[in-house]
Amino acid sequence: MEADYDEERVQVKRTGGKGRSHNPAGCWQGCILLQRYIERKKMTYQSFAKKIGLSKSALSKYFTGPKRPGAEMQMAIERASGGYIPMQSWHKKRNGHNS
């Protein structure tokens, strides 16, 4: 499955003022796709983290700051998502700037 990186099509979940979004403005497109994948599969962040050998807190660092997974973890995420979150999605920020 090929993901669509068109910035205008990326839908970011908002929390409606009840906390903060998992997707800060400068986050990687991979984190947006990861959030979308987890929600569509009705998984928890903890269950996905376990699937790729991380703790929930380690996985959350990809959503809350500038940290992105290394190449091996990018590959693990791509495999665990069946290709929905390709490695290259971690090389482009949501605001359109490449790393």
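## A short note on the overall build of the protein chain
- Counting secondary structure elements, the protein chain contains four helices and zero strands.
- Its helices and strands in sequence order give the protein chain the pattern α-α-α-α, from N to C terminus.
- When contacts within the protein chain are restricted to residue pairs at least 6 apart in sequence, those whose partners lie at least 24 apart make up 55%.
- Total accessible area on the protein chain stands at roughly 6,100 Å², and carbon and sulfur atoms take up 50% of it.

## A look at the environment of Phe-48
- Structurally, Phe-48 can be placed in helix H2 (residues 45-51).
- C-alpha separation for the pair Phe-48 and Ala-80, spaced 32 residues apart in sequence, amounts to 8.2 Å.
- Apart from residues lying up to four places away in sequence, Phe-48 is in contact with Leu-34, Tyr-37, Ile-38, Met-43, Leu-59, Ile-77 and Ala-80.

## Details of helix H1 (residues 29-40)
- An ideal rise of 1.5 Å per residue puts 16 Å on 12 residues; H1 measures up with 16 Å between its terminal C-alpha atoms.
- Considered for burial, the residues of H1 that qualify are Gln-29, Gly-30, Cys-31, Ile-32, Leu-33, Leu-34, Gln-35, Arg-36, Tyr-37 and Ile-38.
- Contacts from the buried residues of H1 go to H2, helix H3 (56-64) and helix H4 (71-80).

## A word on the packing of H1 against H3
- Orientation of H1 relative to H3, taken along the N-to-C sense of each, is 125°, at an axis distance of 8 Å. As summarised for this structure, H1 and H3 are arranged oblique, according to the angle between their axes. Here H1 contributes Cys-31, Leu-34 and Gln-35 to the contact with H3, which in turn contributes Leu-59, Tyr-62 and Phe-63.
- Per-class residue counts for the contact of H1 with H3 are five nonpolar, one polar and no charged.

## Considering the nonpolar core
- One finds Leu-34, Phe-48, Ile-52, Leu-59, Ile-77, Ile-85 and Trp-90 to be the most contacted residues of the largest nonpolar core, which totals 22 residues.
- Mapped onto this core, the elements with two or more residues apiece are H1, H2, H3 and H4.
- When residues of this core are assigned to their parent elements, the largest contribution, six residues, is made by H1.
- Excluding residues that lie within four positions of it along the chain, Leu-34 makes contacts with Phe-48, Leu-59, Phe-63, Ile-85 and Trp-90.

The rules behind these values
- Residues numbered from 1 in each chain as written.
- Predicted model: local features only at pLDDT ≥ 70, side-chain atom pairs only at ≥ 80, totals over all residues.
- Heavy atoms only, no water.
- Helix = DSSP H or I, 4+ residues; strand = E, 2+ residues; numbered from the N terminus.
- Contact = heavy atoms within 4.5 Å.
- Areas by Shrake-Rupley, 256 points an atom, 1.4 Å probe, with all protein chains shown as cover.
- Expected span 1.5 Å × (residues − 1).
- Buried < 20%, exposed > 50% of the residue type's maximum accessible area, 1.4 Å probe, protein only.
- Axes fitted to C-alpha atoms, helices over the stretch in contact; angles between N-to-C directions.
- Parallel < 35°, antiparallel > 145°, perpendicular 65-115°, else oblique.
- Nonpolar A, V, L, I, M, F, W, Y, C, P; charged D, E, K, R; others polar.
- Core = buried A, V, L, I, M, F, W, Y, C linked by side-chain atoms within 4.5 Å.

Everything listed here is a matter of geometry and, on its own, says nothing about what the molecule does.
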